[in-house]
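Take a look at the letters that make up each chain.
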Amino acid sequence: MEMGKMKKSLRIKIISMGNAEVGKSCIIKRYCEKRFVHKYLATIGIDYGVTKVNIRDKEVKVNIFDMAGHPIFYEVRNEFYKDTQGAIIVFDVSDRNSFEALDSWLLELQNEVGNQSEVDNIAVCVCANKTDKKRVVDESEGRIWADTRGYHYFETSAQTGEGVTEMFQNLFEGVVSADQVEAIQKLKAARSDYERLGVQLGASKDEVNKAYRKLAVLLHPDKSVAPGSEEAFKLLVAARTTLLKKCS
Ligand code: GTP
Ligand code: MG
């Protein structure tokens, strides 16, 4: 088999949050389809889309779950928070209520994801959207809100396209490194070679190699810029070698 075919592309899951009508769907449409829709078509529950991007020479498949901001859709969207790796949290600079609602969106994220370390691993970009309109929320207010929570802040306009590509690029890069950081931490904390590879005692050669490849894609020093990946990669190679010897 050719090497290229063995490489499995990464998949990441992104969600959108923020009040109804702030422009979540339009930001996503602007990025994926390079166009803008003036008419307001409220998202009903959830919209799902997929796009491919290249991050540091790796092809990444991005699954986007675009949520409906209206409170009546809470019961529909709440089940889509699980396993999220990246989130855009959007407000409208011409609507102060949408800015003031940001904390309740964060709370919803925390409640639905549940586990705090999982929440901390989610890359979040705050979008101050509709910058082409007369604004009532200043850039400094938005920035402070994002900075104090450790999130990246972008001024965007789905209408003109301002900031949209930069925002997504930043989000995707944050997601991939969060993935890598997690893999590195797990490898270093593991107490056995089985745990390092995440396989059961008595795993077959195939299972060992499959688990190895999954992690090697993330951690290969030629591919990863995450600190500690070199050391983690060595642990991974050693664990695989030992386990393969144990397989008959
Ligand atoms: P829900 O799906 O109901 O949660 O709303 P949403 O956040 O997805 O909003 P949507 O993207 O549907 O946009 C709402 C309205 O705002 C539409 O009429 C858009 O045309 C308009 N809009 C979105 N982004 C911008 C922008 O950057 N500038 C301006 N002027 N209008 C925008
Ligand atoms: Mg929408």
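Details of the structure are given in the entry above.
Below is a summary of the structure that appears in this document. Nothing here was measured: the structure is a model prediction, and the numbers come from that model.

### Considerations on the overall build of the protein
Okay, step 1: Assigned secondary structure in the protein consists of 11 helices and 6 strands.
Okay, step 2: The principal-axis extent of the C-alpha atoms belonging to the protein is close to 70 × 35 × 30 Å.
Okay, step 3: Classification of the 248 residues of the protein by burial places 46% in the buried group.
Okay, step 4: Counted over contacts in the protein with a minimum sequence separation of 6, partners at least 24 positions apart contribute 72%.
Okay, step 5: Of the side-chain charges in the protein, 37 are positive and 36 negative, and the distance between the mean point of each set is 7 Å.

### Description of the side chain of Arg 77
Okay, step 1: Along the chain, Arg 77 turns up in helix H3 (residues 74–77).
Okay, step 2: In terms of polar contacts, Arg 77 uses its side chain to reach the backbone carbonyl oxygen of His 70, at 3.1 Å.

### Details of the site of ligand 1
Okay, step 1: Ligand 1 sits among 25 residues. The nearest are Lys 24, Val 37, Tyr 40, Gly 69 and Asp 132.
Okay, step 2: At 3.4 Å from an oxygen atom of ligand 1 is found a side-chain nitrogen or oxygen belonging to Ser 157.
Okay, step 3: Protein chains bury 93% of the 660 Å² of accessible surface belonging to ligand 1 in isolation.
Okay, step 4: Among the elements that take part in the shell around ligand 1, helix H2 (residues 24–33) stands out by supplying 3 residues, more than any other.

### Thoughts on the pairing of strand E5 (residues 123–129)
Okay, step 1: Counting buried positions along E5 gives 7 out of 7 residues, so the element sits mostly inside the fold.
Okay, step 2: Covered by surrounding structure in E5 are Ala 123, Cys 125, Cys 127 and Asn 129 together with Val 124, Val 126 and Ala 128, the residues of both alternating faces.
Okay, step 3: As defined by bridge partners, strand E4 (residues 86–92) adjoins E5 across 7 bridges and the pair is classed as parallel. For Asp 92, the partnering residue across the bridge sits in E5 and is Asn 129.
Okay, step 4: A crossover links E5 with its parallel partner strand E6 (residues 152–155), the connecting element being helix H7 (residues 139–148), and its sense is right-handed.

### Here we look at the environment of Phe 99
Okay, step 1: Residue position: Phe 99 is located in helix H4 (residues 96–100).
Okay, step 2: Assessed through its relative accessible area of 11%, Phe 99 is described here as buried.
Okay, step 3: Linking Phe 99 and Val 137, residues 38 residues apart in sequence, is a C-alpha distance of 7.6 Å.
Okay, step 4: Phe 99 has contacts with Phe 91, Val 137, Glu 141, Gly 142 and Trp 145, leaving out every residue within four places of it along the chain.

Definitions and limits used
Residues numbered from 1 in each chain as written. Chains lettered and ligands numbered in written order. Predicted model: local features only at pLDDT ≥ 70, side-chain atom pairs only at ≥ 80, totals over all residues. Heavy atoms only, no water. Helix = DSSP H or I, 4+ residues; strand = E, 2+ residues; numbered from the N terminus. Buried < 20%, exposed > 50% of the residue type's maximum accessible area, 1.4 Å probe, protein only. Contact = heavy atoms within 4.5 Å. Lys, Arg positive; Asp, Glu negative; His and termini not counted. Charge placed at Lys NZ, Arg CZ, Asp CG, Glu CD. Polar contact = N/O pair within 3.5 Å; in protein donor to acceptor, adjacent residues only side chain to side chain. Near = heavy atom within 4 Å. Areas by Shrake-Rupley, 256 points an atom, 1.4 Å probe, with all protein chains shown as cover. Pairing = 2+ DSSP bridges. Right-handed = clockwise from strand over helix to strand, strands pointing away.

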